[in-house]
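Topology and contacts: notes
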Amino acid sequence: MTADNGCRQYPIEGLKLGKRYYYKCGDSSLKALSKEHTFETFPSSSPNMYPRRIAVVGDLGLTGNTTTTIDHLSQNNPSIFLMVGDLSYANQYLTTGGKGAPCFSCAFPDAPIRETYQPRWDGWGRFMEPLTSKIPMMVIEGNHEIEPQVGGMSFKSYLARFAVPSEECGSNSSFYYSFNAGGVHFIMLGAYVDYNQSGAQYAWLKADLHQVDRQVTPWLVAAWHPPWYNSYSSHYQEFECMRQEMEALLYQHGVDIVFSGHVHAYERMNRVFNYTLDRCGPVYITVGDGGNIEQIDIDHADDPGKCPSKSANIPEFGGVCHLNFSSGPAKGKFCWEQQPEWSAFRESSFGHGILEVINSTYALWTWHRNQDIYGENSSGDQIYIVRQPELCLMNIGDVTPRTCSYSSPQCSSSNQCASQGVQYIYLFSLLIIGSLCVILGELWKTMFFW
Ligand SMILES: [Fe+2]
């Protein structure tokens, strides 16, 4: 750490992939060294090698709920830690007395700027050290990292404290980047910088997706802070503009899973594209339930009286593109009247998730709730995510939705769609065979008669 509250970052060069290293921090000439730490570098890019366990959490903060989340997460022994934004909540720590406020601008309308209270950031860093000293934490910024200051400054703490491989992946922006870990290509997108199709981030994303070799990294996992698919009242359709700009590009390139936070609850979506069930769309998962200082979100936009007005949920960056649905049970309406078919499972509990990629086809996703007695069988939600690229031949430039035409609300994976498809083919075959039997029977009767 430095006297100006900045952090010194020392890139270590020459490390090899898939190796364990041991290190100490400090100045050996002063005999002021930390205790020995150890970490393991990512496995090399290969369809046969995967990170052992990928932990995913968002909106963490530093509360009693946070400590439970991190305690459980550590017991899960992950090899990578994806932090999907809203890290320390230092931006409102002093103003709210450490308690947070569900609507900061409502509770403190006279606060012209947000805090950038470095002791809170330091405390959060010390709290996380036992985990982050041995496990790579890959971050993406959330709205609580903006910390707008006088003179138009923003993101100063975030940029000073976290290093990301932006140069290595050609983005040259710390707000969006990509990296490989074994057979997984991760894309981390910025929701609080220009995401329009004419902008630098979109151009970089397009180039990055184009160079991905799915023979080497079969899995494509994306993450950004505010969810595009969200059935809670909180932040409902808040980043609809970003979805409209970028969703088709991610769909064209067969993104498998998308992780987000921002909403302080858990929600897992069925495969979806453009609000329509689609066997080739990504599985969207919201894990903004790390332990923030605001509160857990419990209201659903489809609950009676809980559909937010279109003037609510204004994003802290970008435009407002709230829309009424153009088809389906909520056609012409802003909110559904029951849990939308694209929302597979939702629950208002704190927790974290673990993704275990097994091979190029299967990955096991488990959401662990804080209130459960922790153990192997403590899962609030669990599902195998199955890649079946042969059903979704990627055709760059073609954005025609490959709609799961025999879909149902339970049609949450390509496998389920495929198995239903097989059932339909089976019934069709029975119909054809039955008809042939009837025709042959009539022919036989005709011949017998003659
Ligand atoms: Fe957020």
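Structure: see above.
Parameters at a glance
Every residue gets a number counted from 1 within its own chain, in the order that chain's sequence is written. For a predicted model such as this one, the threshold for reporting local features is a pLDDT of at least 70, and the threshold for listing and counting side-chain atom pairs is 80 or more; totals across whole chains, interfaces and linings nevertheless cover every residue. For the purposes of this analysis, a nonpolar core is taken to be any set of buried Ala, Val, Leu, Ile, Met, Phe, Trp, Tyr and Cys residues that are connected through C-beta atoms within 7 Å. Any residue with 12 or fewer other C-beta atoms within 10 Å of its own C-beta is exposed, any with 20 or more is buried, and the rest are partly exposed; the C-beta atoms used are placed from the backbone. Counting from the N terminus, the helices are the DSSP runs of H or I reaching at least four residues and the strands are the DSSP runs of E reaching at least two. In this description, a residue-residue contact is defined by the distance between C-beta atoms placed from the backbone, which must lie within 7 Å. Two strands qualify as a pair provided that DSSP identifies no fewer than 2 bridges between them. For helices, the fitted line uses only the C-alpha atoms of the stretch in contact; every axis is such a line through C-alpha atoms, and the angle between N-to-C directions lies from 0 to 180 degrees. By definition here, a helix of n residues has an expected span of 1.5 Å times n minus one. Think of it as the arc spanned by the lines of direction from the helix axis to the C-beta atoms. Consider the strands pointing away from the viewer: the crossover is right-handed when the path from the first strand over the helix to the second runs clockwise. Orientation labels follow simple angle bins: below 35 degrees gives roughly parallel, above 145 gives roughly antiparallel, 65 to 115 gives roughly perpendicular, and whatever is left gives oblique. When residue character is reported, Ala, Val, Leu, Ile, Met, Phe, Trp, Tyr, Cys and Pro are called nonpolar, Asp, Glu, Lys and Arg charged, and the others, Gly included, polar.

**Focus: the nonpolar core**
The nonpolar side chains of a soluble globular protein tend to be buried, and buried together. Of all hydrophobic cores here, the largest spans 83 residues; its most connected members are Ala55, Val56, Leu82, Met188, Ala222, Ala223 and Phe259. With 5 residues, the top contributor of residues to this core is strand 10 (residues 219-223). With residues near it in sequence (within four places) discarded, Val56 still touches Leu82, Val84, Phe259, Val287, His352, Gly353 and Leu355.

**So, the sheet that holds strand 9 (residues 184-188)**
An order of 8-9-10-11-15-12-16 is seen for the 7 strands of this open sheet, with the pairing classed as mixed. Each having just a single partner strand, strand 8 (177-181) and strand 16 (343-347) make up the two edges of the open sheet. Averaged over neighbouring strand pairs, the angle between their axes works out to 15° when direction is ignored. Strand direction decides the pairing type here: strand 12 (residues 266-269) and strand 16, joined by 4 bridges, are antiparallel. Directly across from Arg268, in strand 16, lies its bridge partner Phe345.

**Re helix 1 (residues 64-75)**
The first and last C-alpha atoms of helix 1 sit 17 Å apart over 12 residues, in line with the 16 Å expected at 1.5 Å per residue. All buried positions along helix 1 are accounted for by Asn65, Thr66, Thr69, Ile70, His72 and Leu73. Looking down the long axis of helix 1, one finds its buried residues gathered within 165° of arc, a one-sided arrangement. Summarising the geometry of helix 1, the exposed residues directed more than 90 degrees from the buried face are Gly64, Asp71 and Gln75. Tucked into the core, helix 1 has its buried residues touching strand 5 (54-57), helix 3 (118-132), strand 17 (351-357) and strand 18 (362-369). Two residues or fewer after helix 1 comes Asn77, characterised by a positive phi angle close to 50°.

**A few points about the pairing of strand 10**
Burial analysis of strand 10 places 5 of its 5 residues in the buried class, the great majority of the element. Burial along strand 10 is two-sided: Trp219, Val221 and Ala223 and Leu220 and Ala222, pointing in opposite directions, are all buried. Sheet topology note: the strand 9/strand 10 ladder contains 5 bridges and is parallel. Note on strand 10: the bridge partner recorded for Val184 is Trp219. Remark: the strand 9/helix 5 (residues 200-211)/strand 10 crossover connection has right-handed handedness. Chirality of the crossover, the property in question, places the unit of strand 10, helix 6 (residues 240-252) and strand 11 (residues 257-260) among those that are right-handed.

**Digging into the sheet that holds strand 17**
Read across the sheet, 6 strands follow the order 7-6-5-17-18-19 without closing on themselves; strand pairing throughout is mixed. One side of each edge strand has no neighbouring strand; the edge strands of this open sheet are strand 7 (137-139) and strand 19 (381-386). On average, each strand axis in the sheet is inclined to that of its neighbour by 20°, with strand direction left out of account. Bridge count between strand 5 and strand 6 (residues 80-83): 4 bridges; the pairing is parallel. Residue pairing across strands places Ile54 opposite Ile80, the latter belonging to strand 6. In the packing of helix 1 onto the sheet, contacts are made with strand 5, strand 17 and strand 18, and the angle to strand 17 comes to roughly 20°.

**A look at the pairing of strand 15 (residues 283-287)**
Look at any regular strand and the pattern is simple: side chains alternate between the two faces of the sheet. Summarising burial for strand 15: 5 of the 5 residues are buried, a large majority. Neither face of strand 15 is open: one carries Val283, Ile285 and Val287, the other Tyr284 and Thr286, and all of them are buried. Looking at chain direction, strand 12 and strand 15 are connected through 3 bridges and run antiparallel. Residue pairing across strands places Arg268 opposite Ile285, the latter belonging to strand 15.

**Structural notes on the environment of Cys307**
Structurally, the position occupied by Cys307 is in the loop between strand 15 and strand 16. Residue class for Cys307 comes out partly exposed when judged on the 19 C-beta atoms lying within 10 Å of it. Distance in space between the C-alpha atoms of Cys307 and Ser233 is 6.2 Å, their sequence separation being 74 residues. Residue contacts for Cys307: discarding those within four places in its chain leaves Ala301, Phe334 and Cys335.

**Some thoughts on helix 5**
Over its 12 residues, helix 5 extends 17 Å from the first C-alpha to the last, a length consistent with the 16 Å expected when each residue adds 1.5 Å. Restricting attention to buried positions, one finds in helix 5 the residues Gln201, Trp204, Leu205 and Leu209. Taken end-on, helix 5 shows its buried residues confined to a sector of 130°, consistent with a single buried face. Opposite the buried face of helix 5, at more than 90 degrees from it, the exposed residues are Ala203, Ala207, His210 and Gln211.

**Concerning the packing of helix 5 against helix 6**
Look at helix 5 against helix 6: their axes get within 11 Å of each other, and the N-to-C directions meet at 10°. One element, helix 5, and the other, helix 6, form an angle in the roughly parallel class. Each of Tyr202, Leu205, Lys206 and Leu209 in helix 5 lies in contact with helix 6, whose residues at this interface are Glu245, Met246 and Leu249. A breakdown of the residues in the contact of helix 5 with helix 6 according to their chemical character gives 5 nonpolar, no polar and 2 charged.

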